[in-house]
Amino acid sequence: MSPHNISGKKVAFLLTDGVEQIELTSPWDAVKQAGGEPVLVAPGAGTVQGYNGTDKGDTFTIDLAVADASADDFHALVLPGGVVNADHLRVDKDAQEFARAFFAQHKPVAAICHAPWLLIEAGVVSGRDLTSYHTLQTDLRNAGANWTDDEVVTDQGFVTSRTPDDLPAFNDKMIEEIAEGEHAGQTA
């Protein structure tokens, strides 16, 4: 249970089919437990298919299409991982613009596992300290990021972690940053 209260704060969770289920459900529950309002944002409408590794998991109802979503309406952004999810999101122009807007508005962004792929395409990782699933380190370094192999890395409201094993630390830092709010240094 987080010592931070984020009551009244809306948090966008941006994802699509192939999301690593625990990387959605664990932070989602953390946001709810801290009093926040999680909102599932995705390309299209209907549901998204979660995965537990390579096995199909549950489906989750989409609350809002990313094309209709505005960062203005949210206090923070969470990007769960999963290879297929991240690979599809990173080429989605609406997803890129939505993610970029959180950086432009200095709002907290939390990304885990393969999720930083989208942030490379959004052009927001250069000069930032972060981590990710280890297979993304070359992509991220080539995009100008300072990649390290750490459980959780926080850089002025930007929180990243590597794998589901890091979720307890990731969730704690994510809630802390959402509670703190906007950071002047959190910018595209």
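Higher on the page you've got the structure.
Here's what I pulled together on the structure shown here.

Conventions adopted
Residues numbered from 1 in each chain as written. Predicted model: local features only at pLDDT ≥ 70, side-chain atom pairs only at ≥ 80, totals over all residues. Heavy atoms only, no water. Buried < 20%, exposed > 50% of the residue type's maximum accessible area, 1.4 Å probe, protein only. Helix = DSSP H or I, 4+ residues; strand = E, 2+ residues; numbered from the N terminus. Pairing = 2+ DSSP bridges. Phe/Tyr/Trp six-rings, centres within 6.5 Å; stacked < 30°, edge-to-face > 60°. Lys NZ or Arg CZ within 6 Å of the ring centre and 35° of its normal. Salt bridge = Lys/Arg side-chain N within 4 Å of Asp/Glu carboxyl O. Polar contact = N/O pair within 3.5 Å; in protein donor to acceptor, adjacent residues only side chain to side chain.

1. Here's the deal with the pairing of strand β1 (residues 10-14)
(1) Moving on: The element β1 is extensively covered by neighbouring structure, given that 4 of its 5 residues are classed as buried.
(2) Moving on: Where β1 lies against strand β3 (residues 37-42), 5 bridges are found, and the strand directions are parallel. Its bridge partner lying in β3, Leu14 is registered against Val41.
(3) Moving on: Summarising the sheet, β1 and strand β7 (residues 76-79) pair through 3 bridges and their orientation is parallel. Counted as the bridge partner of Val11 is Ala76 from β7.

2. With respect to the packing of aromatic side chains
(1) Moving on: Across all of its chains, the model carries 4 aromatic pairs by this definition.
(2) Moving on: Relative to Phe98, the ring of Phe74 has its centre 6.0 Å away and its plane inclined at 90°; by these criteria the two rings are edge-to-face. Note that Phe74 is positioned in the loop between β6 (64-65) and β7 and Phe98 in helix α3 (residues 93-104), a separation of 24 residues in sequence.
(3) Moving on: Judged by relative accessible area, which is 3%, Phe74 ranks as buried.
(4) Moving on: Overall, the relative accessible area of 3% leaves Phe98 in the buried class.
(5) Moving on: Pairing Phe98 with Phe102 gives two aromatic rings, centres 5.1 Å apart and planes at 85°, and the pair type is edge-to-face. Taken together, the residues Phe98 and Phe102, both in helix α3 and 4 residues apart, mark about one turn of the helix. Each member of the pair, Phe98 together with Phe102, is buried.
(6) Moving on: Above the ring of Phe74, the side-chain terminus of Lys10 is found at 5.1 Å from the ring centroid.
(7) Moving on: Looking at Arg90, its charged tip hangs above the ring of Trp117, at a distance of 4.1 Å from the centre.

3. Some points on the pattern of salt bridges
(1) Moving on: A full pass over the atoms with the stated rule returns 5 salt bridges.
(2) Moving on: Taking the shortest distance from any N to any O, the salt bridge between Asp149 and Arg162 comes out at 3.0 Å. With a gap of 13 residues between them, Asp149 in the loop between β10 (146-147) and β11 (152-155) and Arg162 in the loop between β12 (158-161) and α6 (167-180) connect regions that are remote in the sequence.
(3) Moving on: A relative accessible area of 22% places Arg162 in the partly exposed class.
(4) Moving on: The residue Arg162 makes a salt bridge to Asp166 at a minimum N-O spacing of 2.9 Å.
(5) Moving on: Here Asp166 falls in the buried class, since its relative accessible area comes to 2%.

4. Re the side chain of Asp155
(1) Moving on: Summarising the element assignment, Asp155 is placed in strand β11.
(2) Moving on: Only 2.8 Å separates the side chain of Asp155 from the backbone nitrogen of Asp129, close enough to count as a polar contact.

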